[in-house]
Amino acid sequence: MIYAATIVSAGIINPDAFVVKPQYTRIDGTDALNIEALPLNGLFPTVGDIVFLAEGINDFEQSMQLIINKNGGAFPLIFASLASPIIFKVDMQVIGKVKLGQGTKKMVLGNDLQTWAQAKDAEIAALYAWAATGVAPGPTGGIAPFPGTPAETNWNTATLSENHLLD
């Protein structure tokens, strides 16, 4: 059986589960009892969210009389949520090429960008240190020649990914 429910609280028996209030009335006219339901991997609803569950409490003929039980079927699984936005916790490794959005712009390779930016920081620091040694121009001269260290590090286009694109 597939039905909607509202998240009531965190699970009591299973800490990874949630107590839900099913949104259906049993055949005897009473409200369905609160039950624990386990969210599918990566789905993290919060209290008050309306979720959809799947539970195996009916036989193959979908007989209504089995709904009068005390929700004693298979452990219900939360497979979707109406919460906006739906939040999934994802831990994955992607192999190959990835496009996010329309994928029209190359992604930056973070470590390569960090290396380049740190080199720029060192170059700017060297310029400040050199400039501090100078004397104002005048009849006796000006600032000493720049020593050229550290050497200038130019942008490397390999810092942009050939495989991964985003907008």
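All values derive from a computational prediction rather than experimental measurement.

## As for the sheet that holds strand β1 (residues 2-10)
Taken together, the 5 strands give a closed barrel; going around it, the order is β1-β2-β3-β5-β4, and neighbouring strands pair in mixed fashion. The sheet shows a mean angle of 55° between the axes of neighbouring strands, direction not considered. Relative to strand β3 (residues 35-39), strand β2 (residues 18-22) runs antiparallel, the two being bridged by 3 bridges. From the neighbouring strand, phenylalanine 18 faces β3, where its bridge partner is alanine 37.

## A few points about the pairing of strand β5 (residues 77-81)
Bridge count between β3 and β5: 2 bridges; the pairing is parallel. For proline 39, the partnering residue across the bridge sits in β5 and is isoleucine 78. Where strand β4 (residues 50-54) and β5 come together, 4 bridges link them in antiparallel fashion. Residue leucine 53 lies in a different strand from β5, and its bridge partner there is isoleucine 78.

## Considering the pattern of salt bridges
What the rule picks out here adds up to 2 salt bridges. The residue glutamate 162 makes a salt bridge to lysine 106 at a minimum N-O spacing of 2.8 Å. Taken together, the residues span a long stretch of sequence, with glutamate 162 in strand β8 (residues 160-166) and lysine 106 in strand β7 (residues 105-108) at a distance of 56 residues. Its relative accessible area of 57% is what places glutamate 162 among the exposed residues. Taking the shortest distance from any N to any O, the salt bridge between glutamate 123 and lysine 120 comes out at 2.9 Å.

## Regarding the packing of aromatic side chains
Here the structure, examined in full by the defined rule, presents 2 aromatic pairs. With a centroid separation of 5.1 Å and 80° between ring planes, the pair formed by tyrosine 3 and tyrosine 24 is classed as edge-to-face. One end of the pair, tyrosine 3, is in strand β1; the other, tyrosine 24, is in the loop between β2 and β3, and 21 residues separate them in sequence. Tyrosine 24 carries the same exposure label as tyrosine 3, and that label is buried. Judged by centre distance (5.0 Å) and plane angle (85°), the rings of tryptophan 116 and tryptophan 155 are edge-to-face.

## Description of the environment of alanine 32
Of note, alanine 32 is situated in the loop between β2 and β3. Put simply, alanine 32 and lysine 21 are 11 residues apart on the chain and 7.3 Å apart in space, counted from C-alpha to C-alpha.

Thresholds, definitions, all that
Residues numbered from 1 in each chain as written. Predicted model: local features only at pLDDT ≥ 70, side-chain atom pairs only at ≥ 80, totals over all residues. Heavy atoms only, no water. Pairing = 2+ DSSP bridges. Helix = DSSP H or I, 4+ residues; strand = E, 2+ residues; numbered from the N terminus. Axes fitted to C-alpha atoms, helices over the stretch in contact; angles between N-to-C directions. Salt bridge = Lys/Arg side-chain N within 4 Å of Asp/Glu carboxyl O. Buried < 20%, exposed > 50% of the residue type's maximum accessible area, 1.4 Å probe, protein only. Phe/Tyr/Trp six-rings, centres within 6.5 Å; stacked < 30°, edge-to-face > 60°.

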